[in-house]
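Okay, here's what each chain looks like letter by letter:
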Amino acid sequence: MELYLDTSDVAAVKKLARIFPLAGVTTNPSIVAAGKKPLESLLPELQEALGGQGRLFAQVMANTAEGMLNDARKLRGIIADIVVKVPVTAEGLAAIKMLKAEGIPTLGTAVYGAAQGMMAALAGAEYVAPYVNRIDAQGGSGIRSVEELQQLLELHAPESKVLAASFKTPRQALDCLLVGCQSITLPLDVAQQFIASPAVDAAIDKFEQDWLAAFGRTEL
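Reference entry: report on the structure contained in this document.

What counts and what doesn't
Residues numbered from 1 in each chain as written. Predicted model: local features only at pLDDT ≥ 70, side-chain atom pairs only at ≥ 80, totals over all residues. Heavy atoms only, no water. Helix = DSSP H or I, 4+ residues; strand = E, 2+ residues; numbered from the N terminus. Buried < 20%, exposed > 50% of the residue type's maximum accessible area, 1.4 Å probe, protein only. Axes fitted to C-alpha atoms, helices over the stretch in contact; angles between N-to-C directions. Parallel < 35°, antiparallel > 145°, perpendicular 65-115°, else oblique. Left-handed = near helix turned anticlockwise from the far one by under 90°. Contact = heavy atoms within 4.5 Å. Phe/Tyr/Trp six-rings, centres within 6.5 Å; stacked < 30°, edge-to-face > 60°.

1. Re unusual backbone geometry
Now for step 1: Residue Lys 36 is not a glycine yet carries a positive backbone phi of 55°.
Now for step 2: With respect to the helices and strands, the residue Lys 36 is situated in the loop between helix H2 (29–35) and helix H3 (39–49).
Now for step 3: The exposed category is assigned to Lys 36, whose relative accessible area is 75%.
Now for step 4: Despite not being glycine, Ala 110 has its phi angle at roughly 60°, a positive value.
Now for step 5: Take Ala 110: it is sitting in strand S5 (residues 106–111).

2. Some points on the packing of helix H5 (residues 90–101) against helix H6 (residues 114–123)
Now for step 1: Put simply, H5 and H6 touch, their axes get as near as 8 Å, and they point 25° apart. By the angle class used here, H5 and H6 are roughly parallel. In this structure, the crossing between H5 and H6 has a hand that is right-handed. Of the residues in H6, those in contact with Leu 93, Ile 96, Lys 97 and Lys 100 of H5 are Met 119, Ala 120 and Ala 123.

3. Structural notes on the packing of aromatic side chains
Now for step 1: By the definition in use, this model includes 5 aromatic pairs.
Now for step 2: Between the aromatic rings of Tyr 4 and Tyr 127, the centroid separation amounts to 6.5 Å while the plane-to-plane angle is 85°, which identifies the pairing as edge-to-face. Pair noted here: Tyr 4 is in strand S1 (residues 2–6) and Tyr 127 is in strand S6 (residues 127–130), with a separation of 123 residues, a long-range link.
Now for step 3: Exposure remark for Tyr 4: the relative accessible area of 1% places this residue in the buried category.
Now for step 4: Look at Phe 57 and Tyr 127: their rings are 5.4 Å apart centre to centre, the planes differ by 70°, and that puts the pair in the edge-to-face class. With a gap of 70 residues between them, Phe 57 in strand S3 (residues 55–59) and Tyr 127 in strand S6 connect regions that are remote in the sequence. Pair check on accessibility: Phe 57 and Tyr 127 agree, each one buried.
Now for step 5: The rings of Tyr 4, Phe 57 and Tyr 127 are connected pair by pair, giving a single aromatic cluster.

Below is the structure:
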C-alpha cells in the first residue's frame, strides 16, 4: 500500500517522514491557501522535506480542459514528476484524457461515487480519490463507495489505483484498507492518531517505573 500525508505543513512532513513509511504528500487548493505559500516555493520545500523521495500531488485551478492542461504543464515545470490532481467533472475527464496522451500522470479528485471514479480511471487517471468522510456527511457510505470503486477498477481499469481521501478518524482509513484500497492520504491529525494513545503511554511509563524500582536506573 501507499501512505501519503494530506498537508502543506513542511515542518510536519519533515518530522513525520522520519517516522512513517511515506509514499509522498498530497495537497489541494484549500490546503495550499491555508498555508499562504505559493506552489513555486511550497512544492520544492515539500520535496526536500521528504528527503527528495516520494511523489507530490497538486491540483489544477482552471475550469476548462485546455486550462487544466496548461495548469498541469506549469505544475510539471515546478516538479517534473508531479502527479496532477484533476476534479472529475466533464471538463476534468477531457483533461485527464489529454494529459494521459502527454504522459502526465493524474489523480481524479472530488470523487463522490464509484461510477464517477471509474470514469476517471477509464479516461486514464493513475489514481482516483473518493472523499470518504464527505460522502458519509452527505448521508452515503464512504467505505462502501471505496469498496465498489476498488472492485470496478480491478475488473475494468486494473492499471488505476484508489487513493482514498477525506478522513476524520483512523478507523475510516483502516476500513478502506480492509476492503482493498491500495493507497490512502491522511490529514496530519489523523496520521498522528495512528501512533498516539494514552494507553500506550501509560504502559511505557509502567515499564519504566518497574525497571527503575528494581535496578535504580532506566538504561539497560
